[in-house]
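One-letter residues, chain by chain:
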Amino acid sequence: AQSVTQLGSHVSVSEGALVLLRCNYSSSVPPYLFWYVQYPNQGLQLLLKYTSAATLVKGINGFEAEFKKSETSFHLTKPSAHMSDAAEYFCAVSDSQTGNQFYFGTGTSLTVIP
Amino acid sequence: DAGVTQSPTHLIKTRGQQVTLRCSPISGHKSVSWYQQVLGQGPQFIFQYYEKEERGRGNFPDRFSARQFPNYSSELNVNALLLGDSALYLCASSWDVGLAYEQYFGPGTRLTVT
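Computed from a predicted model, the values in this text were never measured in an experiment.

Engineer: I would appreciate a short explanation of the overall build of chain A in the present structure.
Structural biologist: A count of helical and extended segments in chain A gives zero helices and twelve strands. Shown N-terminal to C-terminal, the secondary structure of chain A runs as helices and strands in the order β-β-β-β-β-β-β-β-β-β-β-β. For chain A, buried positions account for 48% of its 114 residues. Taking as baseline every contact in chain A between residues at least 6 positions apart, the subset at least 24 positions apart corresponds to 56%. Carbon together with sulfur atoms contributes 53% to the accessible area of chain A, which is approximately 5200 Å² in total. Taking the average location of the 6 positive side-chain charges in chain A and that of its 7 negative ones, the two points are 6 Å from each other.

So, in structure tokens, the structure goes:
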């Protein structure tokens, strides 16, 4: 069975500081991993995805994530936070057993302090 | 092209009532998935349909049912509503159900059960 753990339900960073949102996964087969962002009262928008190609994945809005099999992690980073990055972020996993049925983490709320 | 659309946007029901939520996928997409997002939690997988057939079901009671129509739109039905069914219900569409196919999420239907 697949599962995702997001450490830290709330993260606060200063504008211009590094953003680091943590995601660890569990899967019995090679996973596909995703980061989604959700702004208030909106649906989910895909930031980036790992599909077994390059382990360092670049996404939209300056975000990137690195797949580390040995650590079963897929942490999301951005070198310099912007006020517009304040939102809820979700990590999700799927694999060959489930196709594109996603299993999401509980989310991390990012606050950017001016 | 229009994205995934869902109706209604908001809905208020009383315990014990029944509700039907609707989803129209992106044109050309043949798969629709439904997710429940309780406040403060990540989305939970409910159902996936492809070519009008159920391809996956999450851990939800039989009060939850869904169907997909020949035009690939979908309905999610919930009977005997409980207070705990209050949530944002998200619909996602994709071209196919394979691992490589990206899902696109709609804005959701906010269901409140009183």
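Engineer: Whenever I open this one, the sheet that holds strand β3 (residues 19-24) of chain B confuses me. Can you help?
Structural biologist: Pairing between the strands of a sheet comes from backbone hydrogen bonds, and it takes one of two forms, parallel or antiparallel. Residues and elements named next belong to chain B. In spatial order, the strands read β1-β3-β8-β7; together these four strands make up an open sheet with antiparallel pairing. This sheet does not close on itself; its edge strands, each paired only once, are β1 (5-7) and β7 (64-68). Within the sheet, the average angular offset between the axes of one strand and its neighbour, ignoring direction, is 15°. Where β1 and β3 come together, three bridges link them in antiparallel fashion. Along β3, the bridge assignment pairs threonine 5 with serine 24.

Engineer: What is the right way to look at the interface of chain B and chain A in this model?
Structural biologist: Quoted interface sizes are often the accessible area lost when the parts come together. Listed by partner, the interface residues are 24 residues for chain B and 20 residues for chain A. The contact between chain B and chain A buries some 1700 Å² in all, and 53% of this surface belongs to carbon and sulfur atoms. Inspection of the chain B/chain A interface yields one salt bridge. Between Glu102(B) and Lys49(A) there is a salt bridge, with its nearest N and O atoms 3.6 Å apart. Elements with a contribution of two residues or more to the side of chain B that touches chain A: β4 (31-37), β5 (44-50), β6 (53-57) and β9 (87-94) of chain B. Sorting elements by how many residues they give to the side of chain B that touches chain A places β9(B) first, with three residues. A class-by-class count of the residues in the side of chain B that touches chain A yields eleven nonpolar, ten polar and three charged.

What counts, and at which threshold
Along each chain, residues carry numbers from 1 onward, in the same order as the chain's sequence is written. Here chains are named by letter from A upward and ligands by number from 1 upward, in the order in which they appear as written. Given that the model is predicted, a residue must reach a pLDDT of at least 70 before its local features are reported, and side-chain atom pairs must reach 80 or more before they are shown or counted; all residues, however, enter totals for whole chains, interfaces and linings. Hydrogens are left out, water is left out, and the side-chain values use all remaining heavy atoms of the structure. In this description a helix means any DSSP run of H or I spanning at least four residues, a strand means any run of E spanning at least two, and both kinds are numbered starting from the N terminus. For every residue, the accessible area (1.4 Å probe, protein chains only) is compared with the maximum for its type, and the residue is labelled buried under 20%, exposed over 50%, or partly exposed between those bounds. Residue contacts follow a heavy-atom distance rule, with two residues in contact if any of their heavy atoms lie within 4.5 Å. Exposure was quantified through the Shrake-Rupley algorithm and a 1.4 Å probe, taking into account, for residues, occlusion by the shown protein chains and nothing else. As used throughout, the charge tally considers Lys and Arg to be positive and Asp and Glu to be negative, leaving His and the chain termini uncounted. By convention, charge coordinates are those of NZ in Lys, CZ in Arg, CG in Asp, or CD in Glu. Two strands pair if DSSP finds at least two bridges between them. Between the N-to-C directions of two axes lies an angle of 0 to 180 degrees, each axis being a line fitted to C-alpha atoms and, for a helix, fitted only over the stretch in contact. In short, buried area is how much 1.4 Å probe accessible area vanishes from two parts on joining, totalled over both. Whenever a carboxyl oxygen of Asp or Glu lies within 4 Å of a side-chain nitrogen of Lys or Arg, that contact is scored as a salt bridge. Residues were grouped as follows: Ala, Val, Leu, Ile, Met, Phe, Trp, Tyr, Cys and Pro as nonpolar; Asp, Glu, Lys and Arg as charged; and all remaining residues, including Gly, as polar.

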